[in-house]
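# Structural overview
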Amino acid sequence: MSTTAVRPTDDRADLGGELHTRIAIIGAGFTGLAMVHALRKAGIEDWLILERSSDVGGVWRSNTYPGIACDVPSNLYSFSFAPNPDWARTFSSGGQIWEYSQRVARDLNIAERTHYGEEVLDAHWDAAAALWRIRSTTLELTADIVIDGSGVLTDPTYPAIKGLNDFKGALFHSGAWDHDHDLTGERVAVIGTGASAIQIVPELQKRVAKLTVFQRTPGWVIPRNDRDVTEVERRLLRRVPQLQKLSRGWQFVYRDGVMLKVMHHRSFRKVMQAISKAYMRRTIDDPALREKLTPTFEIGCKRILITSVWYPALNQPNVHLETSAITEIREHSVVTADGTEHDVDAIVCATGFHVTDPPIAGRIAGRDGRTLAETWGDSPRAYRGVTTTNFPNLFRIGSIGTGTGHMSQIMQIESAAVYVIDALRTMEARGLASVEVAQDAQDAYARTVHEMVKDTVWATGGCASWYLDPGGEPSAVWPSSAWHYRKWTSRFDVEAYWVTERAAVAAAA
Ligand code: NAP
């Protein structure tokens, strides 16, 4: 896909030759695509996308590690407006999800308004003109509205381990796989045992000489009953699309229902833990290994690991699960607290992402000149997971305060898109130049969310996870059902916002 010249999208572009668009969308991932669909449906065409990479797909383009797949069923992990009867598996591979996003992008014809290779380097609010001034890799433009769909699982986190930078072998991160380096026959270390590592390890185990998995905290595992979708099933879904809707609806209700029970009911968690332990007993032969893998916190406190290949891989003779903490990395080895030096040729960091401190938060400056990062500190805030005080006309989607850990994030994104479209309609209808969530509304919302999370397993389950920030607030996640989030984003509540009328901006100018 090619980069086209910036096309002014409204007549303000003629004013002083400044490039202007009504809506600048950051990112052509699943949020960007959902927003384009929603804007088009609302009849809004003056938008453009700034995408830092060379293609669409977001995390499903950038995450290409061996074994990548989605642990949410395919029928649910897709756009409501673009059902796909051709999923090959009940839980799709990352590659197929990326292809799906490319197909959706083609159908939405986003190419003509998408500028690839354009990373947003700076965006700041110009209060006098009531617009955003944006600088990206090669462009400078202004926009009335910014919709940030840059996501939270995009910028890899490397572990702060002494000596990591001195390592002389190949260094990988799950989120930036180096396909030029073949790990076949090598001695490989995998750091981390989260959702990414449990998919990588079973694939690497098949081809490396020795795999040492460094586990800090074991997670609860529930088997993923994945299988091929038969040709007959696919034909049926093509002929009777309602069947896929039915399956999607059922999975939505089932997942939301189970997760609410896990979050709120200890007795239900005990049943789930018993299921998980029984699965472990059936799959892991060695009692010592079982002990290492048994979590000490309650199920659901951290993201549940949905996999049927992780435990079997750990049984294999070329795999060693190391639970002694890493103290140092040397030029060709990893040293652990028990004094062992593990010689390795390559290290894979499956250590997560900058979820609540993405680099872009340091590049977006609001009304008072402070960036999102400066405004947030350790505890990011987003009213209804979308807007932040001090940042007029900035809508962030699928990011702070929206992750669920069990539901399709695409559904959360589509819910927030409804809120944003209603905001745009409201602004148009009332002649508003800007909307900014009022501080008291944002504070009240934070208190409500705090009340919602305080009795859940996330706060009481005895684990440390990125679900909660250092202050114990659910900055990254939404502490209720996806249905609840949908309800809370179904209408733009302008009464919670400070507004500026267009007439006032024009008069001041
Ligand atoms: P993650 O969930 O943040 O897990 C990071 C892992 O690295 C944890 O096991 C963590 O241990 C470990 N770790 C971090 N720093 C370490 C250190 N210094 N020493 C040793 N271990 C260290 O990251 P992820 O697995 O990449 O997953 C991130 C998110 O991506 C998931 O929560 C999920 O939302 C998404 N994801 C989804 C899917 C899917 O199928 N839908 C698949 C992959 C990823 P501790 O637990 O002790 O912190």
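Residues numbered from 1 in each chain as written. Predicted model: local features only at pLDDT ≥ 70, side-chain atom pairs only at ≥ 80, totals over all residues. Heavy atoms only, no water.

This paragraph deals with the domain arrangement of the chain. By the assigned domains, the chain splits into domain 1 (13–155 + 354–508) and domain 2 (164–349). One C-alpha centre belongs to domain 1, the other to domain 2, and the line joining them spans 28 Å. Taken together, the contact between domain 1 and domain 2 spans 48 residues of the former and 43 residues of the latter. Contact between domain 1 and domain 2 buries roughly 4,100 Å² in total, counting both sides, with carbon and sulfur atoms accounting for 53%. When the buried area of domain 1 at its contact with domain 2 is split by residue, Tyr65, Pro66 and Asp71 rank highest and sum to 16% of it. Along the contact surface separating domain 1 from domain 2 lie four salt bridges. Here Asp71 ties to Arg303 by a salt bridge, and the two come within 2.6 Å at their closest N and O atoms. At the junction of domain 1 and domain 2, the tally comes to 26 residue pairs in polar contact (both at pLDDT 80 or more). (Domains from an automatic or database assignment. Contact = heavy atoms within 4.5 Å. Buried area = accessible area lost by both parts, 1.4 Å probe. Salt bridge = Lys/Arg side-chain N within 4 Å of Asp/Glu carboxyl O. Polar contact = N/O pair within 3.5 Å; in protein donor to acceptor, adjacent residues only side chain to side chain.)

The next point concerns the pattern of salt bridges. Summed over the entire model, instances satisfying the criterion amount to 30 salt bridges. Put simply, Arg52 and Asp155 hold a salt bridge, and the shortest N to O gap is 3.3 Å. With Arg52 in the loop between β2 (47–51) and α2 (59–62) and Asp155 in the loop between β6 (140–148) and β7 (170–173), this residue pair connects regions lying 103 residues apart in the sequence. Of the charged contacts, one joins Asp107 and Arg103 as a salt bridge, the two residues approaching to 3.7 Å between their closest N and O atoms. With a gap of four residues between them, Asp107 and Arg103 both fall in helix α3 (residues 94–108), about one helical turn apart. (Helix = DSSP H or I, 4+ residues; strand = E, 2+ residues; numbered from the N terminus.)

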